[in-house]
Amino acid sequence: MARKKQKSYSDGIAELYRKKDPESNVKSLDDLEYLGFLYYTEKSNRQQDVEFAQQLGTTLSLKIATPDDGNMDSSRNVVIGDTIYAIIYIDRSKAEQELYFYLEEVRKIE
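Residues numbered from 1 in each chain as written. Predicted model: local features only at pLDDT ≥ 70, side-chain atom pairs only at ≥ 80, totals over all residues. Heavy atoms only, no water.

Novice: Help me out: how do you make sense of the pattern of salt bridges in this one?
Specialist: Between side chains of opposite charge, pairing is possible as soon as their charged atoms come close. If you walk through the whole model with that rule in mind, you get 7 salt bridges. In this structure, Asp49 and Arg46 form a salt bridge, with 2.9 Å as the shortest nitrogen-oxygen distance. Residue classification places Asp49 among the buried positions, given a relative accessible area of 2%. On the basis of relative accessible area, Arg46 is assigned to the partly exposed category, the value being 39%. Between Lys63 and Asp49 there is a salt bridge, with its nearest N and O atoms 2.9 Å apart. Of this pair, Lys63 sits in strand β3 (residues 62-67) while Asp49 sits in helix α1 (residues 47-55), and the two are 14 residues apart along the sequence. By relative accessible area, which is 6% here, Lys63 ends up buried. One connected set of salt bridges, linked through shared partners, spans Lys7, Glu96 and Glu98. (Salt bridge = Lys/Arg side-chain N within 4 Å of Asp/Glu carboxyl O. Buried < 20%, exposed > 50% of the residue type's maximum accessible area, 1.4 Å probe, protein only. Helix = DSSP H or I, 4+ residues; strand = E, 2+ residues; numbered from the N terminus.)

So this is what it looks like as structure tokens:
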């Protein structure tokens, strides 16, 4: 029986946060509650991805793929390095058991 090849998510760690106050703008990590992290691989921004984000009234800053943890929604924020991102959209691939995050930069962490 052939074993399924394990995917590598070696580009970094995406930390997941929830806004403490859903009505306020995120200005720093103090405005967020830490939920956990996922390893990720950065994906290229295809033209259709950029156009999709524009149709939603946003700007696509970064696209990443992570393992599908089965419990994800777009109301969360993602922190990678020193940058806070809002999740524009999450595309779930059941066949690949992956999540594709479309991210828009909110601000740099000071």
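Having seen the structure, we can now continue with the description.
Novice: Help me understand the nonpolar core in this model?
Specialist: Note that soluble globular proteins tend to have their nonpolar side chains buried in a common cluster. Within the largest apolar cluster, 15 residues are counted, with the highest numbers of intra-cluster contacts made by Ile64, Met72, Val78, Ile80, Phe101 and Leu103. Of all the elements in the fold, those that place two or more residues in this core are β1 (12-19), β2 (32-43), β3, β4 (77-80), β5 (83-93) and β6 (98-108). In contact with Ile64, not counting residues within four places along its chain, are Ala14, Tyr40, Thr41, Glu42, Lys43, Ile80, Leu99, Tyr100, Phe101 and Leu103. (Core = buried A, V, L, I, M, F, W, Y, C linked by side-chain atoms within 4.5 Å. Contact = heavy atoms within 4.5 Å.)

Novice: What should I look at first to understand unusual backbone geometry in this one?
Specialist: Most of the time, phi is negative for any residue but glycine, and the peptide bond is trans. Positive phi outside glycine occurs at Gln97, with the angle close to 55°. Inspection of the secondary structure assignment puts Gln97 in the loop between β5 and β6.

Novice: Hey, could you run me through the pairing of β6 in this one?
Specialist: Remark: a regular strand shows side chains that alternate across the two faces of the sheet. Pairing geometry for β3 and β6, over 6 bridges, is antiparallel. By the bridge assignment, Leu62 is partnered in β6 with Leu103. Here 10 bridges tie β5 to β6, and the two strands are oriented antiparallel to one another. Looking across to β6, one finds that Ile84 is bridged to Arg107. (Pairing = 2+ DSSP bridges.)

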